Amino acid sequence: MLVRTSMIRLGLLLAGLLLGAVAVAQPAPPEPPQQPFLRIEAGAHTAPVARLAVDASGQTLASVSDDKTLRLWTLPEGTQRRVIRPPIGTNEDGELYAVALSPDGGRVAAAGFTGQSWDGVFCLYLYDARSGRLLARLSGLPAPVQHLAFSADGLRLAVALGGRAGIRVFDARTGALLFNDPGYGGPARMLSFDRGGRLATASADGHVRVYGPDGRRLADRVPANGARPFGLAWSPDGGLIAIGYEDRLRVEVLSATDLRSVMLPDVAGLAGEGLPAVAWAADGQGGVQLYAAGYARLAGAPAAAGRGIAVQREAAPAPSPKREFVVRRWTDFGLGPSTDIPAARDAISHLLALPGGGVAYAAADPGWGRITPEGLIAFPPQPPGADFRATGASLAATEDGTTLRVALRAGEAPVTFDALDGRLEAAGGAGAFQAARTASARLPIADWHNSNRPRLGQIPLRLGEGEFARSLAILPKEDGFLLGTDTHLRLFDAAGRAVDALAVPGAVWGLTVAGDIAIAALGDGTLRWYRLAAGAVVEQAALFIQAETRRWALWTPEGLFDHAANGGQELVGVLLNRGRAQNTEWASFQQAYRALYAPQAVRQRIAGDQGPAQQRLAQLGEVRARIGRLPVLAAGKEACAVVGAECQPLGWDARSLPEGATALRLTLATTDRGLGLGPLDVLVNDRIAARTEAKPGETEVEVPLDPGPNRIATRLYAEDRTLFADGPALALRRPGDAGPPADAGRLVVLAIGVNRYANPELDLRFAVPDAETVAGLLREGAGSLFRETRVTVLRDAEASRRGVLDALARAAEDVGPGDTFILYIAGHGIRTQPDNRFLFLPSDTRDTSGWAALRAQGIDDGTLVAALARIRARDAFLLLDTCHAGQLTMEQLSALGNETGRFLLAASGSVQEALDSYDDRNGVFAYALREGLRGKAAMDAEGRVSALGLGEWVTRRVPELARQRQHQQDAVFRTAQRDLRSFPISQVRR
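Residues numbered from 1 in each chain as written. Predicted model: local features only at pLDDT ≥ 70, side-chain atom pairs only at ≥ 80, totals over all residues. Heavy atoms only, no water.

The next point concerns the overall build of the protein chain. Helix and strand counts for the protein chain stand at 12 helices and 73 strands. Computed over the C-alpha atoms, the radius of gyration of the protein chain is 30 Å, within 12% of the 30 Å expected from 2.2 N^0.38 for a compact globule of 990 residues. Taken along its principal axes, the extent of the C-alpha atoms in the protein chain is 95 × 80 × 70 Å. The proportion of buried residues among the 990 residues of the protein chain is 61%. Here the protein chain displays about 36600 Å² of accessible surface, and carbon together with sulfur accounts for 50% of that area. Across the protein chain, 107 positive and 108 negative side-chain charges occur, with their mean positions spaced 2 Å apart. (Helix = DSSP H or I, 4+ residues; strand = E, 2+ residues; numbered from the N terminus. Rg over C-alpha atoms; globule rule 2.2 N^0.38 Å. Buried < 20%, exposed > 50% of the residue type's maximum accessible area, 1.4 Å probe, protein only. Areas by Shrake-Rupley, 256 points an atom, 1.4 Å probe, with all protein chains shown as cover. Lys, Arg positive; Asp, Glu negative; His and termini not counted. Charge placed at Lys NZ, Arg CZ, Asp CG, Glu CD.)

Set out below in structure tokens:
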């Protein structure tokens, strides 16, 4: 029955509501969970993508996923513009199943299983698409939201609800309910407005319905008895409606006036469970094509079972390593011949017509892709992480559980990860790896694989409603077993009694047990360690590997982390809910690097020693709670591009630069929320390009631009510099410029070595020879790689504080964007107390009586970063050989790489004076550099040694050389660039 209302308000809560503000006579309403959530951020969705939306111009696409994120992308290239994170809960609360973009692209609505765990009802969120600011929250919805749609004029927002709750249509400006229809016998799957304001809906109750702009039902029909309509699309002229079915290979075209069947496009040659996604789209030549997809594969292809569409569990979700799920495309409105486009490795949940022609599609791969108007794949879904659905059974571990072996994706060779060394590499021979034991005469566990009715003998093992078992591992003593399910890791004793259950962030596709350690391969792409002790399952650490780049992040539940040499600190972060109608807070590990980067503590925790992690956490205090008080960095009133003597205005949403632009001038608004204001940095193409001291209110900064594309990021540090807030970002291209010029630039080297100090007690023997050796090797190896080589060596008295800073200032004036800059520093580097900062002692250091005196004479890491920010070289390498007396650790040195975005290679550890020399010529670090630059490091076919190859060689070689002299020393190699781009620095003559 259709129910009308008279502008009934449903509690449109504005984002400006104060946290904790309540009426005097009423208790405070429940709020989202306030504990921090550690979430993966890989620059793409890490769980199946449910729905897509596009603005009328076809420039912005929105996507939502089970990973609880809303993402905005730039079309047609598909680059990510913004991530929006609504409030989330501990289980499914926060999963997003629906999204809609207003026609002007200014607002984006998202919903799904949202708000129920604290409201008791569901809600949808409305955001400003340009800033990510929460505009409104509409609550009171009785079921999860399955689909959303804006009307063509942007004035109405339609909501499809699960269960039997039907549909609702709201005024998109006020939140007033315009009409609803609760008379549905099943979930409302999809809905869509035509240009004239009619609304069509498809429901699992078998009905297709059409409503007028006033909410009056114009047509209602069951097109196919016993079938479940799912996908729905209006033809461009509004005369036809295409319907796709979720439970059968059927696409039907209906008349929009009375829903009578007009056509059944040919589906011959397809196999699969259904075609729930449909779309009409232009072909770019005046024609209209009909598209359909879902579970469809070509008949005769292997049956790769899809994960499923909508909110449901599937029994056998093993994706294919190939794109076997196809999109069928019929010409001439569906009347013409068809072609099949291999588009995804897993089920396709949504097809979306793009205004410029062609379609975008959402897949459970996870990811989304685009098909051109000509029917070609512009790009397929690109999952960022491991997919253990088909490879989890390959998971194995060493006897102590610290080294893992697993295949990241179907059809790929396995890799190993050594958690104690932080080493990820291709798996070699068989090795001493133990896979899960799944069979035992004593424990006859049956029906445990992809089943919701596992049992021990005849004893049923209790699971939650709709919960499927996915993996099994019998404990070494056969005194119990672990069952991995969609939602939990469940521990049972030998009698089948439940001992403990731990909620997990993804289905447990693989398990293995080593002693009292269990390792699980989860559906969110993570590998996780759990300790089994005293009848409890306790998480110890988690690992996420970015499959293409092999970057990784390893972290404890408290947030201490380690990462790969080539990055990974941006892959995970901390999300904090605020109020129910407020934006969440987010800080990646990169933003909290100095606070949370603790590789030794993480590794020792996996090995069974909890002490270092507990000690580090005690030192930090409530650092994660401080994320909620990070300063705010926002777009100011002005941004402009410097062109000659003018500065041409540039919008904060601009995507291109004016011809001849050499710099950007940005005005940024800063707000202190209790932690004070530190430096404000601007990064260009992932490297620091400008640093200034922020001031309350507005700060202006000018940053030079690179040739070719420029990716601009901004960050503002808290006063103690342990945390920073991300600010506005820009991705700008130059007209007609595909990339930076490939011409060889110059090699500019600044080498600094200090043997003789103003305080003779600090004197060294081989810092100067080390600087001279490295400078000479770089000059010698420059060869034809560079059009010119400039080498400056500062020795002893030349390397005073003023001398070093002046040399860096001259480099800033001299070095251009096309040049390569290498800075080598040899001398004393120390770790200051109590703030654990890096401090280089120049030659004029005399007073060592206290930290205040040393800071006044030395060059701290902030000063060094600021100096490097003025050096415009796109490629730069920072080499620090400063471990002689300062007990410098990986934490302090890696932080420099994180903050500069430059390649960093440094000596780490406390080294006695006797190891100032390795061979009576050079120290260990310089000796390893010498070997690498002379050909021991990996080279390409032309004998070129890259920054990446040199870093990998030195980090492997330094510990070996130190052990030969009965000492302990390590080297740290780090880069913070998200798009890792190595570069040659030397060429070996052959």
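Right, let's talk about the pairing of strand β4 (residues 49-54) for a bit. Where burial is concerned, most of β4 is hidden: six out of the six residues are buried. Direction of pairing for β4 relative to strand β5 (residues 60-65): antiparallel, over a ladder of five bridges. Within β5, the residue paired with Arg51 across the bridge is Val64. From the end of β4 to the start of β5, which pair antiparallel, there are five residues, and Gly58 there has a positive phi angle of about 75°. (Pairing = 2+ DSSP bridges.)

Evaluation of the coordinates by the stated rule reveals one disulfide. In this model, Cys640 is linked to Cys647 through a disulfide, with the two sulfur atoms separated by 1.9 Å. Because the sign of the S-S torsion sets the handedness, a value of about 90° for the bond joining Cys640 and Cys647 places this disulfide among the right-handed ones. (Disulfide = S-S within 2.5 Å.)

Glancing now at the nonpolar core. Judged by nonpolar contacts, the single largest core of 56 residues is most densely connected at Trp529, Leu554 and Trp555. The element that contributes the greatest number of residues to this core is strand β49 (residues 536-545), accounting for five residues. With 44 residues, the next largest nonpolar core counts Leu747, Leu764, Val958 and Phe983 among its residues. (Core = buried A, V, L, I, M, F, W, Y, C linked by side-chain atoms within 4.5 Å.)

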